[in-house]
Number of protein chains: 2
Amino acid sequence: MSLNDRKIQILQAIINDYIETAEPVGSRTIAKKYNLGISSATIRNEMSDLEEMGFIIQPHASSGRIPSDLGYRLYVDHLMQKKELSPEEEQYLQNIVNRNVGQIDYLLEEMAKALSVLTNYTTIISEPVSQTIRIKQIRLLPLDDASILLVIATEDNFIKNHVIKMGSVPHEEVILRLGMYLNHVLQGYTMADIDADVVRRLQRELAEYSGILPHILKAIEKTMRAAEKVHLHMSGTNNILACPEFSDIQKAKSLFQTLEEKDVLVTLLESGKSDDMQILIGSENQVQSMKDCSVITATYKMGDNTRGTIGIVGPTRMDYSQVVSVLNGMVSNIEKVLKNLADGNKNT
Amino acid sequence: MSLNDRKIQILQAIINDYIETAEPVGSRTIAKKYNLGISSATIRNEMSDLEEMGFIIQPHASSGRIPSDLGYRLYVDHLMQKKELSPEEEQYLQNIVNRNVGQIDYLLEEMAKALSVLTNYTTIISEPVSQTIRIKQIRLLPLDDASILLVIATEDNFIKNHVIKMGSVPHEEVILRLGMYLNHVLQGYTMADIDADVVRRLQRELAEYSGILPHILKAIEKTMRAAEKVHLHMSGTNNILACPEFSDIQKAKSLFQTLEEKDVLVTLLESGKSDDMQILIGSENQVQSMKDCSVITATYKMGDNTRGTIGIVGPTRMDYSQVVSVLNGMVSNIEKVLKNLADGNKNT
DNA sequence: TGTTAGCACTCACTTCAATCGAGTGCTAAC
DNA sequence: GTTAGCACTCGATTGAAGTGAGTGCTAACA
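Every value quoted in this text rests on a predicted model; they were computed, and no experiment measured them. (Residues numbered from 1 in each chain as written. Chains lettered and ligands numbered in written order. Predicted model: local features only at pLDDT ≥ 70, side-chain atom pairs only at ≥ 80, totals over all residues. Heavy atoms only, no water.)

A. Region of the structure containing the overall build of chain A. Counting its regular elements, chain A contains 12 helices and 11 strands. Its C-alpha radius of gyration of 27 Å places chain A more than 25% over the 20 Å reference for a compact globule of 348 residues. Dimensions along the principal axes, computed over C-alpha positions, put chain A at roughly 90 × 40 × 35 Å. A burial count over chain A gives 54% of its 348 residues as buried. When the accessible surface of chain A is totalled, it reaches about 15,300 Å², and 48% of it is carbon and sulfur. For chain A, the distance from the average position of its 36 positive side-chain charges to the average position of its 45 negative side-chain charges is 1 Å. (Helix = DSSP H or I, 4+ residues; strand = E, 2+ residues; numbered from the N terminus. Rg over C-alpha atoms; globule rule 2.2 N^0.38 Å. Buried < 20%, exposed > 50% of the residue type's maximum accessible area, 1.4 Å probe, protein only. Areas by Shrake-Rupley, 256 points an atom, 1.4 Å probe, with all protein chains shown as cover. Lys, Arg positive; Asp, Glu negative; His and termini not counted. Charge placed at Lys NZ, Arg CZ, Asp CG, Glu CD.)

B. Quick peek at the relation of the copies chain B and chain A. Expressed as a screw transformation, the operator carrying chain B onto chain A has a rotation angle of 180° and an axial translation of 0.0 Å, and the superposed copies differ by an RMSD of 0.1 Å. Both copies are brought into coincidence by an operation consistent with a two-fold rotation axis. In this assembly, 100% of the residues forming the interface of chain B have copies in chain A that are likewise at the interface, indicating an isologous arrangement. (Least-squares fit on C-alpha atoms with pLDDT ≥ 70 in both. Contact = heavy atoms within 4.5 Å.)

C. The arrangement of the confidence of the model for chain A in detail. Per-residue pLDDT for chain A has a mean of 91; in total, 96% of the residues score no lower than 70. Here residues 344–348 of chain A is a poorly scored stretch, pLDDT under 50, and it has 25 contacts once near neighbours within four places are set aside; other chains count. (pLDDT = per-residue confidence, 0-100.)

D. Representation of the packing of helix α1 (residues 5–21) of chain B against helix α3 (residues 40–52) of chain B within the structure. Residues and elements named next belong to chain B. Running from amino to carboxyl end, α1 crosses α3 at an angle of 85°, the nearest separation of the two axes being 10 Å. Taken together, the axes of α1 and α3 are roughly perpendicular relative to one another. When α1 is examined against α3, the residues R6, K7, I10, L11 and I14 are found in contact with a partner set consisting of T42, I43, E46, M47, D49 and L50. Partitioned by chemical class, the residues of the contact of α1 with α3 number six nonpolar, one polar and four charged. (Axes fitted to C-alpha atoms, helices over the stretch in contact; angles between N-to-C directions. Parallel < 35°, antiparallel > 145°, perpendicular 65-115°, else oblique. Nonpolar A, V, L, I, M, F, W, Y, C, P; charged D, E, K, R; others polar.)

E. Spotlight on the protein's contact with DNA strand D. Taken together, 22 residues lie near DNA strand D, and R6, S39, T42 and S62 of chain A together with S27 of chain B sit nearest. Near-protein atoms of DNA strand D (within 4 Å) split between backbone and bases, with sugar and phosphate holding 79%. Elements represented by at least two residues in the surface near DNA strand D include exactly α3 (40–52) of chain A together with α2 (27–33) and α3 of chain B. Residue contributions to the surface near DNA strand D peak at four residues, all from α3 of chain A. For the surface near DNA strand D, a count of residues per class yields five nonpolar, 13 polar and four charged. (Near = heavy atom within 4 Å.)

F. Local environment of the pairing of strand β11 (residues 306–315) of chain A. Residues and elements named next belong to chain A. In terms of burial, β11 is largely enclosed, as 10 of its 10 residues are buried. Here strand β4 (residues 129–130) runs beside β11; their pairing, made up of two bridges, is antiparallel. Its bridge partner lying in β11, S130 is registered against T306. Direction of pairing for strand β10 (residues 293–301) relative to β11: antiparallel, over a ladder of nine bridges. Bridging from a neighbouring strand, T297 pairs with G311 of β11. Remark: four residues form the turn of the hairpin made by β10 and β11, two consecutive strands paired antiparallel; G303 in that turn has positive phi of roughly 75°. (Pairing = 2+ DSSP bridges.)

This is the structure:
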C-alpha cells in the first residue's frame, strides 16, 4: 500500500477541513467540497488505507476521520504550503515593533500580544540571553554613606546593577580606584573565568581593600548569575478557552497550570533553540498536559551569541502555515530592531 | 422588619454554607447543620424576610438561597470573624520571603505564587512604585566609543540605567565632569521639577556641551518615565477554572481576557491604594467581566512614599476571612523584608 | 403572637427510550 | 479500479416521566 498522490490529496483535504471546522471529516464532505473527481466511496476506500497507515484516526466507529499526530507531521514536513503575510499583518507587526523601540521588555511584551492576536493562540517569548555573558565594563560608584553601586555592562550591552550595602563606605576616591582596577582585570571575563585563581590574585593585589573586596566579589557573582535568568512574556492564554478541544474544563485547567510553570516553559523554548524554527506536534512534546497541543518555536538572534525564543502554543489542530508565516515575519522584524538595540540603548 | 439576631445567625449560616458548598442553601440544611433551636419552617419565614431585605437571592423559585452582593457586604463589614494563620501557613510565607531576599522581582513572583497556593485564588502583585520619584544621584559613564551609560539612583534606592547612543563620544574626563554637574543640579528633583526653566538653565550653563546635552536630557526623561511604569506579577489564574461559577467557558474566557489587560489590573489595584485593605464585592467592581468576582487588595509600604499593592481575585463566594488573614500575614512579612531592602540591595 | 407541622406546589435535574443523521463498510454492478 | 446502493453504527438530540430539594401557605399549638 503506497502513499500515492491521491491519498495525499485526500489527507490534505482532511487536514485542511479539520483545521477549519474542528469536526471529524467524512468522505462525502471531501467529495463535495474538494473536486477530486472521485466519488465518496472511493474516498472511503482511500481513507481506510490512510487510517491503516496511521495518518488519520476515527474517534469512534461511524464518525469521520481526524488527522493523527503522524498525519500532521507529514503535512508539516511535506504538504504545507507557505503562506505570505498579508500587507495588513505585515504593517501591524511593524507598527508594534517600531512603537516600542528602546525598551526591550515592553517591546517583547507587545510582540507577544501582537502574535497572540494575529494567530489566536498563546504566545510565549523569552528575553534574549547570551550564551556566554562576558563583562565589558565594571564600575563602582559611591551611592550614599552605607552603600556602593556596582554597575556591570556585558559585551552584548546589557546593563546590570547591584547595590552593595556595607557598614561604612570608603572614600569616593578609593571606590572609584578600586572599580577601575577591577574593570581592568575582569574585562572580557565570563563568570566561569573568575575562578579561584583569579579571586586569589585579586585578593593578593588588592590586599589593602580586604574590608570591602569580599562584598564586591559576591555582588559581582550575584549580578552575573541574575543576568543568566530567563525572563518570559506570555500573552493570549485566553485563546485556549476558545478551542473546542479544551471545552473540557479539566483539560483546560491542567494546561493553564502548566503554562504557569516557568521551568517547563523555559525547557520547552530551549528545546527549539538549536534550529531556526521547530514544530512539536502533540505527543512529540513530553509534557503530559500539552499532549493535545502543538508548539512552534522560532529563535531570534541579537548579535552573535545572544538569542531568545518565541513559542506559539495551540491545539494540534492549529493553522500551522499561518503561524509559521507570522513567526517568520515577526522574527525578521524583531531582528532588525534588535540589531540597532544591540549597539546601545538596552535597559534591564 | 428588623435585622434581629436570629436573622443574622441565619444569614451567616447561609453564607458559610454557600462559601463551602457553592450550592444554594435551603432551610432544612440550616436547621440540621446549625443548631439554631428553631425549625426549618421558622427559618423559611426568616429567609423570606432576608430576601425581601436584599441580603439573599433565590436563583429560581423552589431553590435554596444564595447570598447577594449586599449580603456579602454585611458579612464582610460586620459578621466575618478574623482567622489566625496556622503555624504552617505562617512558616510557608516566611520561607518564601526569606528564600528570595535580594531580588525584588523574584521575591514578588514567588509571593504571588505562594498567595495563590494558600488561597486557591488568583493573585496579582504590583511592584512598589514611588508616589514621587526623586533623583538621588545621577552618573554618566563612558561605555564604548559610541555610547554613554546614564545611571540614575532614585531616593528610594531603585537604580535605572539608559545607554545613550551617539555618533562620537567626548573624552572620559568630559563625560564624568558633565555627569557630576548634572548630579549637582538635579539631586532631589522629581521629573516634574525638571521644567523648562531648569532645562534652559542647564543649556545656558552647559553651553560647551551643547552637542550631547540634548541626548542626555532626553535619556533622563525616558528613564524617569520608565521608572513610573508599573510591573505586575500574576499567579494562580488556573484556579479560576476550578470554581463552579466559571464552569461556563464563555464566562471564564472573558475573565481571562480581562486578566490579560494590564491597564485594567493596574486601575483595579490602584483603587485600593488609599486603604490598608479593601474588599470589592461583585458588582461593586466596575469591570463587567468581573461582576461575579470579588477583589481583595492590600497595600504594602516600603519606606515613606513607595508602595505596591497585592490583589486577590476570586469568586464573590470566596473565603473572605481566609484571604484577609493570609494577606495580612503576607503584608507584614514583606514589609519586614522590604525595610531591609529599602536600605540597599534593590535591583531593577 | 410567634412557632411549628403538614401539605401542595415548583422546578431543575436525571433517566430512559425514541429518533435523527452523518458517516462507515461491504457488495455487486459498471 | 470505480461507483451506486444499502444496511449498519453510534453519538447527539429530543421529549416524557420521574425524582427530590426546596418553597409558601395554612392551620394548629404554646
